[in-house]
Each structure stands twice: as C-alpha cells, then as structure tokens.
Amino acid sequence: MGLYEAMTELEKRRKKVSYCTVEMFCGMAFFIIGCMTKYIYLLAIFGIIIFIYGIKNLKPYTEEYKALYKQIFVEEPLRKNFENVFYSWRGGFDENLVRSFCLCNMGNRFSSEDYIRASYYGVNFEISDVYVAQHTSTGRSSHTTIYFKGRMMMFDFPEKLVNSVRIYSKNFRYRAGGFFANRSNKVEMESVSFNNDFDVMTSNDHDAFYLLTPPFMEKMYQLEKKHKSIALHIVGNKVVIGFNEPTNNAFDASNMSKELSYPEEMDKIESDINDIKDVINIIRDLNKGNDYYTYV
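Residues numbered from 1 in each chain as written. Predicted model: local features only at pLDDT ≥ 70, side-chain atom pairs only at ≥ 80, totals over all residues. Heavy atoms only, no water.

Draft legend 1. Structural context of the packing of aromatic side chains. If you walk through the whole model with that rule in mind, you get 15 aromatic pairs. Each ring, one from Phe73 and one from Tyr262, has its centre 5.4 Å from the other, and the planes form 35°; the classification is tilted. Taken together, the positions of Phe73 in helix 2 (residues 40–81) and Tyr262 in helix 8 (residues 262–286) put the pair 189 residues apart, joining distant regions of the chain. The exposure class of Phe73 is buried, given its relative accessible area of 0%. Linked through ring pairs, Phe82, Tyr120, Tyr121, Phe125 and Phe155 together constitute an aromatic cluster. (Phe/Tyr/Trp six-rings, centres within 6.5 Å; stacked < 30°, edge-to-face > 60°. Helix = DSSP H or I, 4+ residues; strand = E, 2+ residues; numbered from the N terminus. Buried < 20%, exposed > 50% of the residue type's maximum accessible area, 1.4 Å probe, protein only.)

And the structure:
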C-alpha cells in the first residue's frame, strides 16, 4: 500500500470514529428530549438504540484507526532512528516493573501502552506510556486523582553501580514512597538555582555529587524546560525517567477531529523520537570515560 492509499484509508477510519461519536451524542439527545415530551417511548427508545449502536462500533473503529496510524507514522521512523526495534502499541510495562522504578506513587488504577524496546549507540532502552491513578468512591460520589500520566523510560547504565539517586522537578507532585524513599535523604547541591528547581534524594551523598556535575545539571534544566514535570532515578546499573505530561500523548495522532497532515504528523513523531535521543545523550554523558560507548 502506497502512502496516498494509506492516508486515504486512515481518513476513512477517522470518519468512522467521528460518526460513532456523533451517533452517541445524538442518541443521548434523543433520549433526553424523549423523556421531556409525550413521545417518551418513541424518542427515548430510538435514542437508546442509536447510542448503543454508536458505542458498540466506537472501540473497534478506534482500534483500526490507531493500528493504521502506528503503521504509517510510528513503526518506520522508529526503525530508521534506532536499532533492534521491537514495537507493540497495545503492549506496555508491567505494573510491578513500574512500581520498582520508584518514580511515582502507585494507586489502584494502572494501564500502559505504546511499548518500545530498542538500542541507540550502544544504549539499550525500553519505553512505554504509563497511567497511574487513585480512584475513591463513597457510593454517592467518586473521585480520581492522577498520580502519573505520560512516558516512562528505562535505560541500561553499564559498568556503573549506583546505590540510588532520585531527581524530581519541584512540580512533580506524587512521588514514590517505599524502600528507596525510606532509605533516602534530601541532599543540597552546590548550585542554589538547581536546588530551587529540583529535589535530589539519595541513599549515598557521594553518588549524588559524583553524578550531578555542572554539565549534567544543565541537561536536566533543558529537560525540565521542555517537559516541566520530570522524575529520574539512577539505581544499580539502570536509569529510569518519567515525563509526567497528561496533555501530551507521544506517538499518538495529534487531532482526530480533522484530517491529518502527513508533514505535521511526521514532525510530531520526530519530536517524540528526539526526546528519546536527548535522554540517551544525557546517559552517555554520565558514562564519559567509559570505553563501552563510542561518541559522535
């Protein structure tokens, strides 16, 4: 299938999703109007039928649309930029694995998708979208607090062994508790401005001062400027990082309400890919002087 044909098929699927959404709203409207008039049995029943038809078809049409979008815009760019790529947009991180990252609080709602495993200049990594929330209900009312919604990334940190160093931007609210948190203490860095923007938690002060060099702190500023709410944990021979961005869905269509522009979508995907490369470059900087890497 050529690009033109693929984009045409994608637009057909987008319209099907839109039609289902319209059917659901119309069905709800007919039901409400029917309940307010003498034609309650006609309009209300008709509205229920339309609503059920729309909601029944919405999920499969959405799945078809997402699958084709990932095929056109995501899979090929990933393979062009990285090596040993495995991509599963339905797959994600396991909940226990995310808990072991010790980035955010773990609530009673969890989901993960858009799983990527690949390597870049010798750095092996895994990435997935993650949603963590706490849902409470009193019977009469319910409330959901989102602890994390964004991307989490895990990278190899070879030939380095770090006890535990966690770095949070000040506005990363729902921070992890548990083992590492209980064994960590807050450490102040020599940079006053860095201390104003980030909190550094560690079980070994020496590791924190060893890792957080001025160049590394500058890279953290660059990440914070772009992603605002971030958390990073270096422990053992792994680096994990989370971008808490509830309104930004990486590797997803920018807007399903209108026909997509191929150049604009590709720019967005390339930006998502560059985010991964930026983090990897930070990790490679941490490993300077290590012959494991070849620098370019």
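From this point, the discussion proceeds with the structure in view.
Draft legend 2. Examining the pattern of salt bridges more closely. By the definition in use, this model includes 16 salt bridges. As a salt-bridge pair, Arg14 and Glu11 come within 2.7 Å of each other at their nearest N and O atoms. With Arg14 and Glu11 both in helix 1 (residues 3–36) and three residues apart, the pair spans about one turn of that helix. Each member of the pair, Arg14 as well as Glu11, is classed as buried. A salt bridge links Lys186 to Asp199; the shortest N-O distance between them is 3.1 Å. Note that Lys186 is positioned in strand 6 (residues 185–187) and Asp199 in strand 7 (residues 198–202), a separation of 13 residues in sequence. On the basis of relative accessible area, Asp199 is assigned to the buried category, the value being 8%. Where salt bridges share partners, they join Lys170, Arg175, Lys186 and Asp199 into one cluster. (Salt bridge = Lys/Arg side-chain N within 4 Å of Asp/Glu carboxyl O.)

Draft legend 3. Quick peek at unusual backbone geometry. Even without being a glycine, Asp114 presents a positive backbone phi close to 55°. Structurally, Asp114 is set in strand 2 (residues 109–120). Judged by relative accessible area, Asp114 falls into the buried class, the value being 2%. In this model, Tyr121 sits at a positive phi of 50°, which is unusual for a non-glycine residue. One can find Tyr121 in the loop between strand 2 and strand 3 (123–137). By relative accessible area, Tyr121 is classed as partly exposed at 38%.

Draft legend 4. Quick peek at a nonpolar patch on the surface. The grouping of Met28, Phe31, Ile32, Met36, Ile48, Ile52 and Ile55 at the surface amounts to a nonpolar patch, some 650 Å² of accessible area in total. Taken together, the elements giving at least two residues each to the nonpolar patch come down to helix 1 and helix 2. With four residues, the single largest contributor to the nonpolar patch is helix 1. Its location among the elements puts Met36 in helix 1. Since its relative accessible area comes to 68%, Met36 is described here as exposed. (Patch = residues over 30% accessible without salt bridge, like charges linked within 9 Å, V, L, I, M, F, W, Y side chains within 5 Å. Areas by Shrake-Rupley, 256 points an atom, 1.4 Å probe, with all protein chains shown as cover.)

Draft legend 5. Local environment of the nonpolar core. Phe73, Phe125, Phe155, Ile167 and Leu212 are the most contacted members of the largest nonpolar core, which has 56 residues in total. Sorting elements by how many residues they give to this core places helix 8 first, with eight residues. With residues near it in sequence (within four places) discarded, Ile167 still touches Phe194, Phe198, Asp199, Val200, Leu212, Phe216, Met220, Ile230, Ala231 and Leu232. (Core = buried A, V, L, I, M, F, W, Y, C linked by side-chain atoms within 4.5 Å. Contact = heavy atoms within 4.5 Å.)

Draft legend 6. How the structure looks around the sheet that holds strand 8 (residues 230–236). Spatial ordering of the open sheet is given by 1-2-3-4-9-8-5-7-6, a layout of nine strands whose pairing is antiparallel. Looking along the sheet, the strands with just one partner apiece sit at the ends: strand 1 (83–88) and strand 6. Strand after strand, the sheet turns through a mean of 20° between neighbouring axes, direction not considered. As defined by bridge partners, strand 6 adjoins strand 7 across three bridges and the pair is classed as antiparallel. Paired with Val187 across the strands is Val200, a residue of strand 7. The sheet strands contacting helix 7 (residues 214–227) are strand 4 (142–156), strand 5 (162–169), strand 7, strand 8 and strand 9 (238–244), and the helix crosses strand 8 at an angle near 140°. (Pairing = 2+ DSSP bridges. Axes fitted to C-alpha atoms, helices over the stretch in contact; angles between N-to-C directions.)

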